[in-house]
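Results of the structural survey
The lines below spell out each chain.
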Amino acid sequence: MFETLLVVAIGFAGGIAVGTQAPIAGAMGHRIGGAAGSLIVHLGGAVASLALLIARGGEGIGQWRSLPWYMLGSGVFGLILYLSLSQTIPRLGATTAITLVVVGQLVAGMVIDHFGLFEVQVRSVDLQRIAAAALLLIGAFLMLR
């Protein structure tokens, strides 16, 4: 039970991080341009990741050559996220922009789970998951109004 609560708390912290980074990144992209802001965000993330990697003794970094191509190119999704935030936040506000990101994550997650893509455990779409998604979509709709 404690382990589950810890994992939920970590996920919640990740959501707080995205929710905090989004308006900062959106404002930066608005001021200096999307690509320039993205470079700054990703360089900062690279420096922080390098420090953590060093602190953890390098983990399995030596095995990077064995990764599939889609894993090596996954950083492009961070660029897409950043560029979308730099366009949506100044025009729609942080709440609406983040709501759109969450809805997009929900749709992508359900498809990935249903088909077991990218080595995740298969979790088929069923009535309960459809109901949960519908409630989130209704919440998103109400948030966008």
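Above this text is the structure in question.
Now for a look at the structure at hand. This structure is a prediction, so every number in the text was calculated from the model and none was measured. (Residues numbered from 1 in each chain as written. Predicted model: local features only at pLDDT ≥ 70, side-chain atom pairs only at ≥ 80, totals over all residues. Heavy atoms only, no water.)

**Quick look at the pattern of salt bridges**
Inclusion rule: Salt bridges are defined by distance alone: a side-chain nitrogen of Lys or Arg within 4 Å of a carboxyl oxygen of Asp or Glu. Categorising residues by exposure relies on relative accessible area from a 1.4 Å probe, with only protein chains included: less than 20% of the type maximum marks a residue as buried, more than 50% marks it as exposed, and the intermediate range marks it as partly exposed. Think of it this way: any DSSP run of H or I at least four residues long counts as a helix, any run of E at least two long counts as a strand, and we number them from the N terminus.
Per the stated rule, a full pass over the model turns up two salt bridges. One salt bridge in this structure joins Glu 59 and Arg 56, with 3.0 Å as the shortest N-O distance. Both residues of the pair, Glu 59 and Arg 56, count as exposed. In this structure, Asp 113 engages Arg 129 in a salt bridge whose closest nitrogen and oxygen atoms are separated by 2.9 Å. Residue Asp 113 is found in helix α5 (residues 94-115), and its partner Arg 129 is found in helix α6 (residues 127-144); the two are separated by 16 residues along the sequence. Of the two residues examined, Asp 113 and Arg 129, each falls in the buried class.

**What about the nonpolar core?**
The condition that has to hold: In this description, a nonpolar core means a group of buried Ala, Val, Leu, Ile, Met, Phe, Trp, Tyr and Cys residues linked to one another through side-chain atoms lying within 4.5 Å. By definition, residues are in contact when any of their heavy atoms lie within 4.5 Å.
Residues Ala 22, Leu 85, Ile 89, Ala 97 and Val 101 constitute the largest nonpolar core, which totals five residues. Of all elements in the fold, only α4 (75-92) and α5 reach the threshold of two or more residues within this core. If sequence neighbours within four positions are ignored, Val 101 has contacts with Leu 81 and Leu 85.

**Structural notes on α6**
Given 3.6 residues per turn, any residue in an α-helix points the same way as the ones three and four places further on. This is how it is decided: Multiplying 1.5 Å by the helix residue count minus one yields the expected span of that helix.
In a regular helix each residue adds 1.5 Å, so 18 residues correspond to 26 Å; α6 covers 25 Å between its end C-alpha atoms and thus fits that length. Looking at the packing, one finds that the buried side of α6 touches α5.

**Some words on the packing of helix α1 (residues 2-32) against helix α2 (residues 34-55)**
As a reminder, the rule being used: Fitting a line to C-alpha atoms yields each axis, with helices limited to the stretch in contact; the angle taken between N-to-C directions then spans 0 to 180 degrees. When an angle is under 35 degrees it counts as roughly parallel; over 145 it counts as roughly antiparallel; between 65 and 115 it counts as roughly perpendicular; any other value is oblique. Definitions for this section: a left-handed crossing has its near helix turned counterclockwise from the far helix by less than a right angle. A right-handed crossing has that turn clockwise. Residues were grouped as follows: Ala, Val, Leu, Ile, Met, Phe, Trp, Tyr, Cys and Pro as nonpolar; Asp, Glu, Lys and Arg as charged; and all remaining residues, including Gly, as polar.
Relative orientation of the contacting elements α1 and α2 amounts to 135 degrees, with a least axis distance of 7 Å. As the angle between them shows, α1 and α2 are arranged oblique. Crossing hand, α1 versus α2: right-handed. Contact with α1, carried on its side by Gln 21, Ala 25, Met 28, Gly 29 and Ile 32, involves Gly 34, Ala 36, Gly 37, Ile 40 and Val 41 of α2 and no other residues of that element. For the contact of α1 with α2, the class distribution of residues is six nonpolar, four polar and no charged.

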